[in-house]
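Each chain is listed here by its residues.
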Amino acid sequence: MLKNLTQFYRPATVEEACALLAAKDRRNAVLAGGTHVAAVNDTTIEGLVDLGALNLSYIRRTEEGYAIGAMTPVQDIFKSSMLVGPAGQLLREASGKIGSTLLRHAITAGGNLMALFPWSDLPPVLLALDAQALCRRGVPKRTVSVKNLIETGPRHYMDQGEILVELQVPEFGLGTGVAFHKFSKTSNDFAMITVAVRITMQGETVKEARIALNAVCKKAQRRPEAEKELENMVPTPERIAAAAAAAARDLDMTTDFRASREYREEVLPVFVRRCIDEALHQALS
Amino acid sequence: MEGKKHMNVTMTINGKKRSFETDPRTLLMDLLRANGYKSIKKGCGEGSCGACAVIIDGRPKNSCLLFAAQCEGAAITTTEGLGTPDNPHPLQSAFVKHGATQCGYCNPGSLIAAKALLDRNPHPTESDVREALDGNLCRCTGYVKRIEAVMDVASGGKKA
Amino acid sequence: MKKVVKSAAKPARTAKPVKTAVKSAVKIVKPVKLTGPAGKTSVKIVKPAVRAVKAMSAAKKPTVVKTVESVVKPVKTTAVRSVKAVKPVVAVKAAKAAKAIKPLKSAKVKKAVKPLTPAKQVVKPAKASVKPILAAKPVKVAKPVTKPVAKPTKAEKPAFMAPAPKVIIKKASPIPEPVFEFDRPDTFNVVNHSREKLDGYGLVCGIQKYTGDYDMPDTLQIKMLTSPHAHARIKSIDTSAAKKAPGVVGVYTWKDVPRIARTTAGQGYPEPSPYDTFILDNKVRFVGDRVAIVAAETIEAAAEACKLIKVEYEVLPAIFDPEKAMDKGAPVIHDEPEARMPIPTFFDAKHNHCAHVDTKFGDIKKAYKDADVVLERKYYPHYAQHCPIEPHICLSYLDENDRLTLRVSTQVPFHSRRITAQTLGIPIKRIRVIKPRIGGGFGTKQEVLLEDVCGFVTLKTRRPARWELTREEEFVSSRTRHPMVVTIKSGVKKNGTITGISMKILSNTGAYGSHALTVMSNCGSKVLPLYKTNCIEFIGDTVYTNLPVGGAYRGYGATQAAFAMECQMDEMAAAIGMNPLDFRKMNHIKEGEGSPIFKALGEGREGVEMKIGSCGLPKCIEIGAKEIGWKEKQGKHGYGPKRRGIGMCILMQGSSIPEIDMGSVFIKMNDDGSFNMMLGATDLGTGSDTILAQIAAETIGCDHSDIVVYSSDTDFTPFDTGAYASSTTYLSGGAVIRAAEQIRDQIKAVAASMLNEPVETLTIEDRFVWGKNPKGKLSFAQICRFAMYEYNQFQIAAIGSHVTHASPPPFSAHFAEVEVDIETGEVKLIKYVAAVDCGTAINPQLADGQTQGGALNGISFALTEEYIFDEKGRMLNPNFRNYKIFSTVDLPELKTFLVPTYEPTGPYGAKSVSEICINGPLPAIGNAIRDAIGVRLTRPPFTAEKVLKALKDKAAGKHE
C-alpha cells in the first residue's frame, strides 16, 4: 500500500523519465512491471514513473551477442527463439524459473536485476555471462558491467535519476557450456540456493570460469576464489570439487526459515559441482 | 485518506471502451471489481494465487499487482468476455465437461491463463499447459481435470 | 458417559419386513435379492443402533416415540418392497372412493380427501383433529393429517354425504420412522452417472456470486485489531483517537460487547466443544487474537484507525509446547470463570487440559508379552491451513423487517444462526443466514468466526457491515489443523498377527478449544478399527497453548492418526520380515466384521456399534499396487545420488455422525414438471447440489436438470447440520430419498386418479407415468398442472428428514513412488496412486475430483506446508509466498481409481468420499522415503533439510 502516492507519470521519453526520478521536491519511484511495488508498504513514495511507454521492450541480436531492453518481460526472454547459443540458453533457463507464468508476463529484465532480491534469478546469470548494463541519465549514457552495478547498488543509480535501459549480453561459440540451478521447495517458491555457471574452454584447459550465486547470500555475487580453482587448469574431478568447496567458503551464508546456514553450507557445494559438471559436459561436446 | 480521484483512465474491456475516474493508488483488480467485473476474485492480494488474472494487451497478469493507471489505453479481457452460459467459450465448456470446476473461485483466473496460452500456442503439450497455469492455485481439484480440459480444447484444433 | 438404552416402545425397529399386518389385504411382493456392482448380495443387517443420548442437559428429555396403532402401519425399515405395497391399498381405496363420489359437473364439493402423503412436516401437525370418516367418503390415509380438515358446513354438504359413524383411527406418529436401509434399484438411471454440475456454467462464466460479490449501499468495512502478544491481559484500551479518525463510524472493545461464552465450532447442539470464546475479551491468548473492532467507511480508514488504538498490555508468560502445557506452574490460558464444557465431559482449564478420552479393550500388557516384537514410536503431524482460495468473509445487514441477515461463506448455516443468536443475545427467529457460493472451506468454514462481529456492528449502527479476512488473517486468526504428538505402540507375532495396539494422542488445540475433543476422538474412531486385534488402547488428551487455533480440517484427526498408524504398520511388517502389502492384506478389517471402537468412540460421546456393510479395500489394494508397479519395483532403489522408493498405506474414514446429525430436504413440484428442492445441505464447491439433485431425480424418475436446487438459507431451507463429517451424500442424500419417495408417490397417486387405474400398476420412467394401457401415459407437466389447477388441487410437495444409524467407512489404498537425492535430501514425488471405495459414486466424475483434490492437498501437507513460529509465538510465513501449496508444475503423475461397492445403508449404496483421501500422502510418502533410503521420518513436512539430517544421523548411528 503506497499510502502517500498521489502522482502517476507515464513519460514518453527517457529524458522525461530521468528528470522525474531526479526530482528533489518529491520521492518518485520507478514502476517497471509493478509486481513488487503494488504489494509493498512504502509511505515514502509519492509518485510512480511508469517506464512502459519508453519502447524498452525488445530482444535484438548484436555483433557481440544480444541487446535486451530493460522493460522486456522475462516471459519473452524465456520463450525467445532468438536466444540460441550458450548465453541465450542460460538466459532462457533462468527466466523460465522466475515466479509463475502470470508473474513472468509482468516482471521485467530490468526490474529483476535492479530490485536485486536474494531470490532474483537473472542477476547471477548476468554475472556469469559478463553482461553489461546500458544506463542513461537523460541523454548521457554509459555502460557499466552488471558486476559493478550490483556492487554499487542499483538504488545509487536510480536516486540520481539514472535508469537502466538495456542489458548487453555477449554470446559464446563452441567451447562454452552453461548451467543454472534454482533450488526451491516448489516451482514458484523463492530460491534457497541459486547457482549459475559458465565455463569457456580453450582446448583442454578452462579459459574462463564464472560461478555466480544468489539466495544463499544477501546479494548476487561471483565467487572468484572458486573460479580461480578452475581457470587455466584442466578440470579434473579434484579441481572441480575444490572449486565447489571454495564457492561455499567465506560466504556470509543466509539462514532463514527456508533453510539454515548449516544446510546451505553443506549443500551449496553439491549444486556448484553439479553445475560445473553440466557446463563442462556441454563445453566439451 | 482515499485521495482525490484525480485521474481518468480509459481502457477497452471485453471489447467495450470504458472510462473511469480513479486515483494513482487504485489497483486494477479493485477498479474492475467495483465496476461490475465480479469474475475477478481476490485470493491473496500479492500475486501468488492467480484468482485475479486478466488478459491485458495479450498477456495474462495478476490484476492485484497492476495499478489501474498503468493500464491506460490497454485492451483487457476478463472471464465475462470469454463467454456466457448460453454461448460459452470452448474452454469454459471443457471445464464443465471434464469436471474441472468445483468451488469455482479460481476458475476465472485459470480460464484466462488457459486462453492466453491457446492464443499464443494453439497446440500445446501437457507440459506447456501445466506451465501456463502454474500461477493459478487451486485447493479443490488437484488440477488434473483442468489440464485434461485444456488439452481437449487444444487437440480439437479450434482457434481458441 | 452413561448409556441410556431407549426402551423400544415400538417393535418395528428390526430390519424384518412386517408382513403380518397386511397379509390379508395385500399381495406381498417377495423381496428381490439384488446382485449389484459388488457382485454379491449386499449384507443387509445393520444392528439397530443404540440411540446415544442426545443431550445430557436437564432441559431435554429423552424423546419417546409414541406408537400408534393403525390399520396400515407404515414401516420403512426394510429394503423389502412389500412395505411399499402397503400404501397402494389405501390409495386404491381412496381413488375408488374418489371416483365413487365424483360430483356432478355442477357442484364442486369440498372433499375431505387430503393429499395422499405422509406427514408434511412443514405444516404444524394436526392436533387430534381426526374427523369422523364417512363410509362413502374416501378413506383417510392412515398417516397424520397435517392440516385440520375443513369441516363442511351443513349448507355445503351434498345430500348424499350422510353423517358417518364415528370411527376412530389412531394416527401414526408425525415423527419419521428411522430408516436403516434404502431400496436398491436394478439399474441406475441418474446416479452413478457423471452428470454435469448444475452450477458449472455459472461458475466458469464468472456469474455465480460469492459473498464478496454482493454490493450493498452504505456498507461499513470492518477491521479487527489483533494482539501482538501470545498471552496478555488488556489493562486499558484508549480508542479516542481511533474514533475521531476520518471515515470511522465505530470502535468497540470488550467493554462494548455482550460477554457470552460460547464455542465457534459449528457442531450440533449442545456442542461437544468448550464454551471458551467471547466476541472480545480483556485477555488475549495468541498472536492474532481479537483486541478491538473498527467499523469505517473504507477498509483503509479502518486499517488506519486500528493503528491509532492505544492498548496497554500486561504481558503474561506463554506456553507453546503442548508437552509442557499441563505441567505444574504452566500459565493458565483459560482462567475466566465462564469457560466450561456444555456437555458433561472432561474439562480442566486450570491445567490447560481441554479434553480427555480413553477407552480400552483387552489386556494391553499381556498383548505386548504375547508379541514377538513390540515397537513404540512418536509421530508429530504438524500445523497446516486449509488455504481456501476465498478467505473467510461475511456481509450482514438488517432487512425490511428488522431481522439480522448474514450472508456468509459458511459450511454450517444453521449452527451459524444458532450460535450467533446465542452470542449476540438475540432470538434465533431474528436471524437469517444465507450461504451463497463458497470458494472452498475444507473445514475452516465449519466455524462461526465472523458473524458475531458483523452482526454486532450491524445491530449497533443499523448499517450493512462487511468483514473479509486478509490472507494473513486467514492463516493466523482463523482455524488450522490440530498439530499432535501421536504415540503408537504395538505388538506383533512373527506370523503377522497383531497382538495389540495402543494409540496415545496429545493434541494441541491452540488458544481456544473448538473441535478440541472431537478431532482427538476421531483419531481413534477413524483409524483404530481398520486393523483386527484383540487388544486396543486409546488415550487422548487435548491441551491449550498460546498458538493459532485448531479447528475442523478435512480428515479431522484421522489425518494425524493415520500417519502414525500406517508408518507403524510398515515398521511392524519390516520387523517380522513381511512385505507391508501382505501384512496389511492379512490384518485389515473385512466386510461383515466389526470393531469395539465403533461403539466406544463417537464424537464427544459414545459411538454407534456397526458391522462393515461394504468393503472394497482388497480391490483398492490390488488396483493400486498394480498401477504403481509394487511387485516390479520392490528393492529397486537405484545407485548414484538419486534413490527410488515406494510406499503405501490403507485408510478408512466415516460417513456422517450417526444418531446425532440430522438433515432434511423439501421438494415441491412445478407445473412444467420441474421441481424445486430446498436443502440445508451446504455445497461448498463439492457439488453436493448436483449429487443430491441426482439422488432426487433417480428416486422421482426424471433428470437431474429438472431439479432446481436452492441451498442453504435458514429462512427457506429446512434444517441440515451442514457440510462436515463426510455427511452430505450419506445423510442429506438419505433425506432427499425420503422426500423424493413421497413426491413420487404423490405423482403416481394423481396419475392414478387421472388415468383411473390402480396405482400399483403405474410405473414412472423419464418424466412420464405409464399406465397399464399403453395409451395411458402422462407427463410430469400434465400431472402437476392437473394437481395444481384442475381437480382435487394440492401442491405436490414433501419434506424428508433423515438421521443416520451407522457411519459406514469408505476405504482407500494409496501408493507413492519417490526419488530422494541423498546428497541434498530433496524428495521428489514421481507418482501417486489412490484407489477409493466410496460405495456407489453418485457422480463418478465429482467423486474422482474429490479424490484428486484431497490427495494433492495431502501431498503438499507432507512435503512443503508448515507453520513457522518465532520464539514469541508469531507466525513468520502467513502468506502464499512463504507457505507453499502445490501448483500445476509441482503436481506429480496422479492416478485415481474408484472401486464400486454397494453400501446398503446408504442412498443408492453410497458412502462418503470427500475426506478420506487427504489422509494418505503423509504415511504413503513417509513409507516410500523409508523404502528409498532406510530412514523413518516422524516430523513432517519432509523437507530436504530434514531428510539430509536424518541420513546423516543414520550414518552416524543415531536413531530417532
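Rules of the game
- Residue positions are counted from 1 within each chain, in the order its sequence is given.
- Whichever chain is written first becomes A and whichever ligand is written first becomes 1, with later ones labelled in order.
- Totals for whole chains, interfaces and linings use all residues, but because this is a predicted model, local features are given only for residues with pLDDT of at least 70 and pairs of side-chain atoms are given and counted only at 80 or more.
- With hydrogens and water set aside, each side-chain value is computed from the structure's full complement of heavy atoms.
- What counts as a helix is a DSSP run of H or I of at least four residues, what counts as a strand is a run of E of at least two, and both are numbered from the N terminus.
- In this analysis, two residues are considered to be in contact whenever any of their non-hydrogen atoms come within 4.5 Å of each other.
- All accessibility values rest on the Shrake-Rupley procedure with a 1.4 Å probe; residue burial counts only the protein chains present in the view.
- A residue counts toward a patch only above 30% relative accessible area and without a salt bridge, and it is joined to like-charged neighbours within 9 Å or, for Val, Leu, Ile, Met, Phe, Trp and Tyr, to nonpolar neighbours within 5 Å.
- Any carboxyl oxygen of Asp or Glu that lies within 4 Å of a side-chain nitrogen of Lys or Arg is treated as forming a salt bridge with it.
- Asp and Glu are treated as the negative residues and Lys and Arg as the positive ones, with His and the ends of the chain left uncounted.
- Just so you know, the charge point we use is NZ for Lys, CZ for Arg, CG for Asp and CD for Glu.
- Two parts lose some accessible area (1.4 Å probe) when they are put together, and adding that loss for both gives the buried area.
- Here a polar contact is recorded for every N or O atom pair within 3.5 Å, except that within protein the pair must consist of a potential hydrogen donor and a potential acceptor, and residues adjacent in sequence are included only if both atoms are side-chain atoms.
- Three classes are used: nonpolar for Ala, Val, Leu, Ile, Met, Phe, Trp, Tyr, Cys and Pro, charged for Asp, Glu, Lys and Arg, and polar for all others, with Gly counted as polar.
- Strands pair, by our definition, only if DSSP identifies at least two bridges between them.
- Simply put, an axis is a line fit to the C-alpha atoms, just over the touching stretch for a helix, and the angle between two N-to-C directions goes from 0 to 180 degrees.
- The span expected for a helix works out to 1.5 Å for each residue beyond the first.
- To obtain the bend at a residue, axes are fitted to the seven residues ending there and to the seven starting there, and the angle between these axes is taken.
- An automatic or database domain assignment supplies the start and end points of every domain.
- Roughly parallel covers angles under 35 degrees, roughly antiparallel covers those over 145, roughly perpendicular covers 65 to 115, and oblique covers all other angles.
- By definition, any crossing whose near helix is turned counterclockwise from its far helix by less than a right angle is left-handed, and any crossing with a clockwise turn is right-handed.
- Accessible area is worked out with a 1.4 Å probe on protein chains only. A residue is then buried under 20% of its type maximum, exposed over 50%, and partly exposed in between.
- Handedness of a crossover is defined as follows: with both strands directed away from the viewer, a clockwise route from the first strand across the helix to the second makes it right-handed.
- Per residue, pLDDT measures the predictor's confidence, with a range of 0 to 100.

So, the overall build of chain C
Point 1. The helix and strand inventory of chain C stands at 21 helices and 26 strands.
Point 2. Considering only contacts in chain C between residues 6 or more positions apart, those separated by 24 or more positions represent 81%.
Point 3. Carbon and sulfur atoms make up 55% of the accessible area of chain C, which totals about 35,600 Å².

Things to note about the side chain of C:Ser732
Point 1. Residue position: C:Ser732 is located in helix H17 (residues 728–755).
Point 2. In this structure, C:Ser732 is in contact with C:Val665, C:Ala681, C:Leu692, C:Asp720 and C:Ser727, ignoring residues within four places of it in sequence.

Observations regarding a positive patch on the surface
Point 1. Together, C:Lys360, C:Lys365, C:Lys369 and C:Lys504 give the surface a local cluster of positive charge.
Point 2. With respect to the secondary-structure elements, C:Lys369 resides in helix H6 (residues 364–370).

Here's the deal with the interface of chain A and chain B
Point 1. The interface of chain A with chain B comprises 31 residues on the first partner and 26 residues on the second.
Point 2. For the pair chain A and chain B, the two sides together bury roughly 2,200 Å², of which 57% comes from carbon and sulfur.
Point 3. Taken as a group, A:Phe8, A:Leu102 and A:His105 account for 31% of the area that chain A buries against chain B, more than any other trio of residues on that side.
Point 4. Along the contact surface separating chain A from chain B lie three salt bridges.
Point 5. Linking A:Lys79 and B:Glu131 is a salt bridge whose minimum nitrogen-to-oxygen distance equals 2.7 Å.
Point 6. Taken together, the connections running from chain A to chain B amount to twelve residue pairs in polar contact (both at pLDDT 80 or more).
Point 7. Of the residues contributing to the side of chain A that touches chain B, the split by class is 15 nonpolar, ten polar and six charged.

Focus: the sheet that holds strand S5 (residues 290–296) of chain C
All names here are of chain C.
Point 1. Strands sit in the order S3-S5-S1-S12-S9-S10-S11 across an open sheet of seven strands; the sheet is mixed. The sheet terminates laterally at strand S3 (248–252) and strand S11 (431–434), the two strands that pair on one side only. Direction aside, the axes of adjacent strands within the sheet are offset by 20 degrees on average.
Point 2. Here strand S1 (residues 220–226) pairs with strand S12 (residues 465–468) via two bridges, running parallel. Bridging from a neighbouring strand, Gln 221 pairs with Arg 466 of S12.
Point 3. Helix-sheet contacts for helix H5 (residues 299–308) involve S1, S3 and S5, and the interaxial angle to S1 is about 25 degrees.
Point 4. Strands in contact with helix H7 (residues 413–424) are strand S10 (404–408) and S11; relative to S11, the strand with the most contacts, it is inclined by about 145 degrees.

A few points about helix H11 (residues 261–284) of chain A
Point 1. Over its 24 residues, H11(A) extends 34 Å from the first C-alpha to the last, a length consistent with the 34 Å expected when each residue adds 1.5 Å.
Point 2. The axis of H11(A) is deflected most strongly, by about 30 degrees, at A:Val267, and proline A:Pro269 appears within four residues downstream.

Side note on the interface of chain B and chain C
Point 1. Chain B puts 48 residues into the contact, and the matching count from chain C is 53 residues.
Point 2. C:Glu300 is the salt-bridge partner of B:Arg25, the closest N and O atoms lying 2.5 Å from each other.
Point 3. The interface formed by chain B and chain C includes 29 residue pairs in polar contact (both at pLDDT 80 or more).
Point 4. Those elements giving two or more residues to the side of chain B that touches chain C turn out to be helix H2 (90–97), helix H3 (107–120), helix H4 (126–132) and helix H5 (144–156) of chain B.
Point 5. With five residues, the top contributor of residues to the side of chain B that touches chain C is H2(B).
Point 6. Residues belonging to the side of chain B that touches chain C are distributed by class as follows: 18 nonpolar, 16 polar and 14 charged.

Some points on the domain arrangement of chain B
Residue and element names in this part refer to chain B.
Point 1. What the domain assignment reports for chain B is domain 1 (7–81) and domain 2 (90–154).
Point 2. One C-alpha centre belongs to domain 1, the other to domain 2, and the line joining them spans 21 Å.
Point 3. With 16 residues of domain 1 in contact, the opposing surface of domain 2 contributes 13 residues.
Point 4. By the criterion of area lost to domain 2, the three top residues of domain 1 are Lys 41, Ile 55 and Thr 79, representing 37% of everything that side buries.
Point 5. One can count five residue pairs in polar contact (both at pLDDT 80 or more) joining domain 1 with domain 2.
Point 6. Those elements that place two or more of their residues in the side of domain 1 that touches domain 2 are strand S3 (53–56) and strand S4 (59–62).
Point 7. Element by element, the count of residues in the side of domain 1 that touches domain 2 is highest for S3, at three residues.
Point 8. Per-class residue counts for the side of domain 1 that touches domain 2 are six nonpolar, seven polar and three charged.

A word on the packing of H2(B) against H3(B)
All names here are of chain B.
Point 1. Packing of H2 against H3 leaves a shortest axis separation of 10 Å and a crossing angle of 125 degrees. If you check the angle between H2 and H3, you find them oblique. Considering how the two elements wind past one another, H2 and H3 form a crossing that is right-handed. Here H2 contributes Leu 91, Gln 92 and Phe 95 to the contact with H3, which in turn contributes Asn 107, Ser 110, Leu 111, Ala 114, Lys 115 and Leu 118.
Point 2. Residues belonging to the contact of H2 with H3 are distributed by class as follows: five nonpolar, three polar and one charged.

Side note on the pairing of strand S15 (residues 536–544) of chain C
All names here are of chain C.
Point 1. Taken across its nine residues, S15 has eight buried, putting it largely inside the fold.
Point 2. Across eight bridges, the pairing between strand S7 (residues 353–361) and S15 is antiparallel. Paired with Thr 359 across the strands is Phe 538, a residue of S15.
Point 3. Both strand S14 (residues 498–510) and S15 contribute to a ladder of nine bridges, which runs parallel. By the bridge assignment, Ile 501 is partnered in S15 with Ile 536.
Point 4. For the crossover that starts at S14, traverses helix H10 (residues 516–525) and ends in the parallel S15, the hand is right-handed.

Some thoughts on the sheet that holds strand S1 (residues 7–9) of chain A
Residue and element names in this part refer to chain A.
Point 1. Pairing is parallel in the open sheet, where three strands are placed in the order S1-S3-S2. Among the strands making up the open sheet, the edge pair consists of S1 and strand S2 (28–31). Sheet twist, expressed as the average angle between the axes of neighbouring strands with direction ignored, equals 25 degrees.
Point 2. By the bridge criterion, four bridges tie S2 to strand S3 (residues 47–50) in an arrangement that is parallel. If you follow Leu 31 over to S3, its bridge partner there is Asp 50.
Point 3. Where helix H1 (residues 14–22) meets the sheet, its contacts fall on S1, S2 and S3, and the angle it forms with S2 comes to roughly 140 degrees.

Brief notes about the confidence of the model for chain C
Residue and element names in this part refer to chain C.
Point 1. Mean pLDDT over chain C: 86, with 83% of residues reaching 70 or higher.
Point 2. Low pLDDT (under 50) marks residues 1–154, which in the prediction has 226 contacts with non-local residues, meaning those over four places away or in another chain.
Point 3. Of the two predicted TM-score estimates for the complex, the pTM is 0.88 and the ipTM is 0.96.

With respect to the pattern of salt bridges
Point 1. Tallied over the entire structure, the rule returns 85 salt bridges over all chains.
Point 2. Note that A:Arg104 is salt-bridged to B:Asp134, the shortest N-O span being 3.4 Å. With A:Arg104 in helix H4 (residues 101–104) and B:Asp134 in the loop between H4 and H5, this residue pair bridges two chains.
Point 3. The exposure class assigned to B:Asp134 is buried, which follows from its relative accessible area of 4%.
Point 4. Measuring nitrogen to oxygen at the nearest pair gives 2.7 Å for the salt bridge that ties C:Asp715 to C:Arg403. Taken as a pair, C:Asp715 in the loop between strand S19 (707–711) and H17 and C:Arg403 in the loop between strand S9 (393–398) and S10 lie far apart in primary sequence, 312 residues in all.
Point 5. For C:Asp715, a relative accessible area of 34% corresponds to the partly exposed category.
Point 6. Each of A:Asp130, A:Arg198, A:Glu208, A:Arg210, A:Arg222, A:Glu227 and A:Glu231 takes part in salt bridges that share partners, so that together they form one network.

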